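# Structure assessment
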Amino acid sequence: MRVMVLVKATEDSETGAMDPAWTAEMMAAMGRFNDELRNAGILLMADGLTPSAQGKRIAFDGPGRTVIDGPFAETRELVAGFWLWDVKDMDEAVAWVKRCPNPMPGPSEIEIRPLN
Amino acid sequence: MTAGDTHQAIEAIFRIERARLIAGLARVVRDVDRAEELAQDALVIALSEWPRTGAPANPGAWLMTTAKRRAIDAIRRDRMRERKHEEIARELDGGLDGAAEVIDAAMDDDLGDELLGLIFTACHPVLSADARAALTLRVIGGLTTDEIARAFLSSEATIAQRIVRAKKTIGKAALSFETPRGGERAARLASVLEVVYLIFNEGYAATAGDDPIRPGLCLEAQRLGRILAGLTPEDAEVFGLLALMEIQASRLSARIGPDGALVPLSEQTRARWDQLLIRRGLDALARAEALGGDGPYALQAALAACHARAPSWADTDWPRIAALYDRLRAVTPSPVVDLNRAIAHSMAFGPEAGLRNYAPLPAARGDFLFRAGRRAEARREFEAAAKLTRNAREAAFLLARAGACD
């Protein structure tokens, strides 16, 4: 089954104000984690997103379309990065996510959503 | 990690570690069956301890250490049985530490290489292709014998016996569980790729109404292909096979019509092709080509890619497909390749090109008729083909086949 694994944004990822030394260390750990995913044959795709300040939203209301510029307020609902994995079941996905290094300097969340 | 991990969560962790665990243990105890048992023992211990203590930070290392301890205990017991008591005391002081060190050193080897070694062993040419497929699905894919039996439309007893025999054969042949090097490597790798593609094709041949485990074989094979690509980043044919499987799998949902019947490539709704798999396939093909890929898998992947890139059947790059079939025919000649090559040439250069002066078409027809037992018709086709070819050697071959029809 395919799952999308979403790294949720935090105030830190939204402002982009992260300590370079911490970032370098996290990126190295994340690189090792991605290698593991690849060698296990489950990694289909992975990428990080820029802060929502660089994003846009298009609001739909009947025939109306309104473009809203970022940044967006509800930080904890935003996505900072994602993977697409091919796993046998949700248990396997959960076991892998538990091994992921914390992608943020403070508390953070990763969400797993199976694809249709 | 927290205490109170459920059995389900622990089993999920074990599934991730299982193949590498067996690979590491097999290299030490030189016995797949024993390695599987030791890994299973480690799981049982984890199931009793982790709910209390929580899963360790490095569960793979924990499981390996635990299984290793069991292996050492077993060696100790064996020696107890073999030797007199007074000798045992001396043994415990000296020799056993040595044995433990040997095991430690073996365990410190690169885990990826151990997994690759196990894949090469499970796919050793000393085993039949069926045995290789069953054993690979068991020890690398982690499928149960029941699942493998259902996947291959066989009985559980047959598969279980096949796996037991395969393990015994490996033991008798005293295989080293190592990744072959040098000249041996290419032949052994071909044996591995053959098994992976066999598993994929078994899944691809599944039809509506089959046990869902059957189409799941495609995913197992793709996963194996991806693992191999991660472990052998310099082998063009590994990427060729991976590309071929990813692109073929991209059409899995488009090739079954609403009535459950197979839809030929020319009739498929291309919007239903899985673009992610196509992209992955094209990336793998680019890698294969960068590595100089000109083997049968890379060529077949290049053919599949022509279709994947084409907006429609009519707008397909048929001259390129014809050229690729020419190349494939030189690398792996077969009647099926001949037939497809004839179709490609007719698509590229008009049906006249396919019909006129085109030896492979009657040659392929002759081969099918021959195998159908329609010898007289087969002979006429081979003779027609022999007249059409301008290659003397090929003409002689075709006339010999015509002669064999009597």
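Here the residue index of a chain counts from 1 through its sequence in written order. To label them, take the chains in the order written and letter them from A, then take the ligands in the order written and number them from 1. Thresholds applied to this predicted model are a pLDDT of at least 70 for local features of residues and 80 or more for the giving and counting of side-chain atom pairs; totals over whole chains, interfaces and linings are not thresholded and use all residues.

### Topic: the overall build of chain B
Here is the rule: Numbering goes from the N terminus for both helices and strands, where a helix is a DSSP run of H or I of at least four residues and a strand is a run of E of at least two. Here a residue counts as buried when 20 or more other C-beta atoms fall within 10 Å of its C-beta, as exposed when 12 or fewer do, and as partly exposed in between; the C-beta atoms come from the backbone. Residues are treated as contacting if the C-beta atoms built from their backbones sit within 7 Å of each other.
A count of helical and extended segments in chain B gives 20 helices and zero strands. For chain B, the spread of C-alpha atoms along the three principal axes comes to 85 × 45 × 40 Å. By the burial criterion, 42% of the 406 residues in chain B qualify as buried. Taking contacts inside chain B between residues at least 6 apart in sequence as the whole, the part at least 24 apart equals 61%.

### What to know about the overall build of chain A
When helices and strands are counted, chain A shows three helices and six strands. When the helices and strands of chain A are listed from N to C terminus, the series reads β-α-α-β-β-β-β-α-β. Based on the C-alpha atoms only, the size of chain A along its principal axes is roughly 45 × 40 × 20 Å. Intrachain contacts of chain A at a sequence separation of at least 6 include 75% that bridge at least 24 residues.

### Description of the nonpolar core
What tends to happen in soluble globular proteins is that the nonpolar side chains get buried as a cluster. All names here are of chain B. Let me state the cut-off plainly: In this description, a nonpolar core means buried residues of the types Ala, Val, Leu, Ile, Met, Phe, Trp, Tyr and Cys, linked to one another by C-beta atoms lying within 7 Å. Segmentation into domains, and thus their bounds, comes from an automatic or database assignment.
Ile22, Leu25, Leu118, Val196 and Ala301 are the most contacted members of the largest nonpolar core, which has 111 residues in total. Among the elements that line this core, the one with the most residues is helix 1 (residues 7-29), at 13 residues. Shared between two domains, this core takes at least three residues from each, and those domains are domain 1 (7-109) and domain 2 (112-335). When near neighbours in sequence (up to four residues on either side) are disregarded, Leu118 contacts Ile22, Ala23, Ala26, Val139, Ile140 and Phe177. Membership of the second largest hydrophobic core comes to 14 residues, among which are Ala359, Phe370, Ala378 and Leu398.

### Thoughts on the interface of chain B and chain A
Going by this rule: Polarity classes work like this: nonpolar for Ala, Val, Leu, Ile, Met, Phe, Trp, Tyr, Cys and Pro, charged for Asp, Glu, Lys and Arg, and polar for all others, with Gly in that last group.
Contacts between chain B and chain A engage 17 residues on the former and 13 residues on the latter. Only helix 1, helix 11 (213-231) and helix 13 (275-290) of chain B provide two or more residues apiece to the side of chain B that touches chain A. Split by residue class, the side of chain B that touches chain A holds 10 nonpolar, three polar and four charged.

### A closer look at the sheet that holds strand 1 (residues 2-8) of chain A
Paired through their backbone hydrogen bonds, the strands of a sheet run either parallel or antiparallel. Residue and element names in this part refer to chain A. Just so we agree on the cut-off: Paired strands, as defined in this entry, are two strands with at least two bridges between them according to DSSP. Between N-to-C directions, angles cover 0 to 180 degrees, with each direction set by a line fitted to C-alpha atoms, over the stretch in contact for helices.
Spatially, 2-5-1-6 is the arrangement adopted by the four strands of the open sheet, whose pairing is antiparallel. Only two strands of the sheet have a single neighbouring strand rather than two, namely strand 2 (43-48) and strand 6 (110-114). Across the sheet, the mean angle from the axis of one strand to that of its neighbour is 15°, orientation sign disregarded. Judged from the five bridges that link them, strand 2 and strand 5 (residues 79-86) form a sheet pairing that is antiparallel. Its bridge partner being in strand 5, Ala46 is matched across the sheet by Trp83.

### Examining the domain arrangement of chain B
All names here are of chain B. By the assigned domains, chain B splits into domain 1 (7-109), domain 2 (112-335) and domain 3 (336-406). Computed from C-alpha coordinates alone, the two centres of domain 2 and domain 3 are separated by 29 Å. In this assembly, 12 residues from domain 2 lie in contact with 14 residues from domain 3. Broken down by element, the residue count for the side of domain 2 that touches domain 3 peaks at eight residues, all from helix 15 (residues 318-331). In terms of residue class, the side of domain 2 that touches domain 3 is built from eight nonpolar, two polar and two charged.

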